[in-house]
Amino acid sequence: TQLLEQSPQFLSIQEGENLTVYCNSSSVFSSLQWYRQEPGEGPVLLVTVVTGGEVKKLKRLTFQFGDARKDSSLHITAAQPGDTGLYLCAGLPPNTGNQFYFGTGTSLTVIP
Amino acid sequence: NAGVTQTPKFRVLKTGQSMTLLCAQDMNHEYMYWYRQDPGMGLRLIHYSVGEGTTAKGEVPDGYNVSRLKKQNFLLGLESAAPSQTSVYFCASRPGGSSNEQFFGPGTRLTVL
């Protein structure tokens, strides 16, 4: 069983549309990260959130950490073809310090 | 800086064969990780290391062994490969301390026939 479930698993949208990706768990995390991975490459960190309710913005991307620190969302405004990729969330449980758990991933395709 | 490098990039094994995957980082990071990535399952942690000479088990350690004799290198070994170990393997490193950012290598695609 996966500690972190992402939805949707696949998403195909037109350029200019908005979308939200969800990362859910029944466990609490001390911090949660979002990565983007392009084909043939390793994941690259987008953002880390550490406080319940925290909202961070990265240009057209908005990340939110749930109040209870069990879930997170990624919202993309006016998606562009360059946003295409696999989005992964990763959580760090409290009191472990070293072991990260990754979500199941959301594959996003933005059609020009 | 090359960052995190992995060798080889691709490999095909027969069931029962052994091999070692090499990960190297030139950022003087304390922590290193080995993950496997399978469709629909994200990344799963195999083993990790919190410093030179130390290793620890992750979520899916069975069938794998690791060693970290030098700080910059983290080796992943498969003693007797099985078709279930067909996957893409990623190595990552992170500085430690207050930084949680992991830096990933480009991956090794392994097929076990």
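Below is a short write-up of the structure.

On to the environment of Gln33(A), then. Residue position: Gln33(A) is located in strand β4 (residues 31–37). Residue Gln33(A) is classed as buried on the basis of its relative accessible area of 0%. For the pair formed by Gln33(A) and Tyr22(A), sequence separation is 11 residues and the distance between their alpha carbons is 12 Å. In contact with Gln33(A), not counting residues within four places along its chain, are Leu45(A), Val47(A), Thr48(A), Leu88(A), Cys89(A), Ala90(A), Phe100(A), Asn100(B), Glu101(B) and Gln102(B). A polar side-chain atom of Gln33(A) sits 3.0 Å from a polar atom in the side chain of Tyr35(A). A polar contact of 2.8 Å, which involves the side chain of Gln33(A), links it to the backbone oxygen of Asn100(B).

Tallying the contact residues gives 22 residues for chain A and 23 residues for chain B. Across the chain A to chain B interface the summed buried area is about 1700 Å²; carbon plus sulfur atoms make up 51%. Per-residue buried area on chain A facing chain B is highest for Asn98(A), Phe100(A) and Phe102(A); these three make up 31% of the total on that side. In this assembly, chain A and chain B are joined by 0 salt bridges. For the pair chain A and chain B, the number of links is 7 residue pairs in polar contact (both at pLDDT 80 or more). Secondary-structure elements contributing two or more residues to the side of chain A that touches chain B are β4, β9 (85–92) and β10 (101–102) of chain A. Broken down by element, the side of chain A that touches chain B gets its largest block of residues, 4 residues, from β4(A). For the side of chain A that touches chain B, the per-class residue count stands at 9 nonpolar, 12 polar and 1 charged.

The full count for this structure, using the stated rule, is 2 disulfides over all chains. Each sulfur of the disulfide joining Cys23(A) and Cys89(A) lies 2.0 Å from the other. Sign of the S-S torsion, about 80° for the bond between Cys23(A) and Cys89(A), identifies this disulfide as right-handed. Of this pair, Cys23(A) sits in strand β3 (residues 19–24) while Cys89(A) is found in strand β9, placing the two residues 66 residues apart along the sequence. The two residues Cys23(A) and Cys89(A) agree in class, both being buried. Each sulfur in the disulfide pair Cys23(B) and Cys91(B) lies 1.9 Å from the other. When the S-S torsion is -75°, as for the bridge of Cys23(B) with Cys91(B), the disulfide is left-handed. One end of the pair, Cys23(B), is in strand β3 (residues 19–25); the other, Cys91(B), is in strand β9 (residues 87–94), with 68 residues separating them in the sequence.

Cut-offs used in this document
Sequence order as written defines residue numbering, which begins from 1 separately in each chain. The naming scheme follows written order: chains are lettered A onward, ligands numbered 1 onward. Only residues with pLDDT of at least 70 are given local features in this predicted model, and only at 80 or more are side-chain atom pairs given and counted; all residues enter the totals for whole chains, interfaces and linings. Here the side-chain values reflect all heavy atoms present in the structure, with hydrogen atoms and water set aside. By the criteria applied, helices consist of DSSP H or I runs no shorter than four residues and strands consist of E runs no shorter than two, each listed in order from the N terminus. The classification of residues rests on relative accessible area computed with a 1.4 Å probe and restricted to protein chains. Under 20% of the type maximum is buried, over 50% is exposed, and intermediate values are partly exposed. In what follows, a contact means two residues having at least one pair of non-hydrogen atoms within 4.5 Å. Think of a polar contact as two N or O atoms within 3.5 Å of one another; within protein, one of them needs to be a possible hydrogen donor and the other a possible acceptor, and neighboring residues in sequence only count if both atoms come from side chains. Buried area is a sum: the accessible area each of two parts loses on coming together, probed at 1.4 Å, counted once for each and added. Here a salt bridge means any side-chain nitrogen of Lys or Arg lying within 4 Å of a carboxyl oxygen belonging to Asp or Glu. Nonpolar residues are Ala, Val, Leu, Ile, Met, Phe, Trp, Tyr, Cys and Pro. Charged residues are Asp, Glu, Lys and Arg, and all others, Gly as well, are polar. Any two cysteine sulfur atoms within 2.5 Å of one another count as a disulfide.

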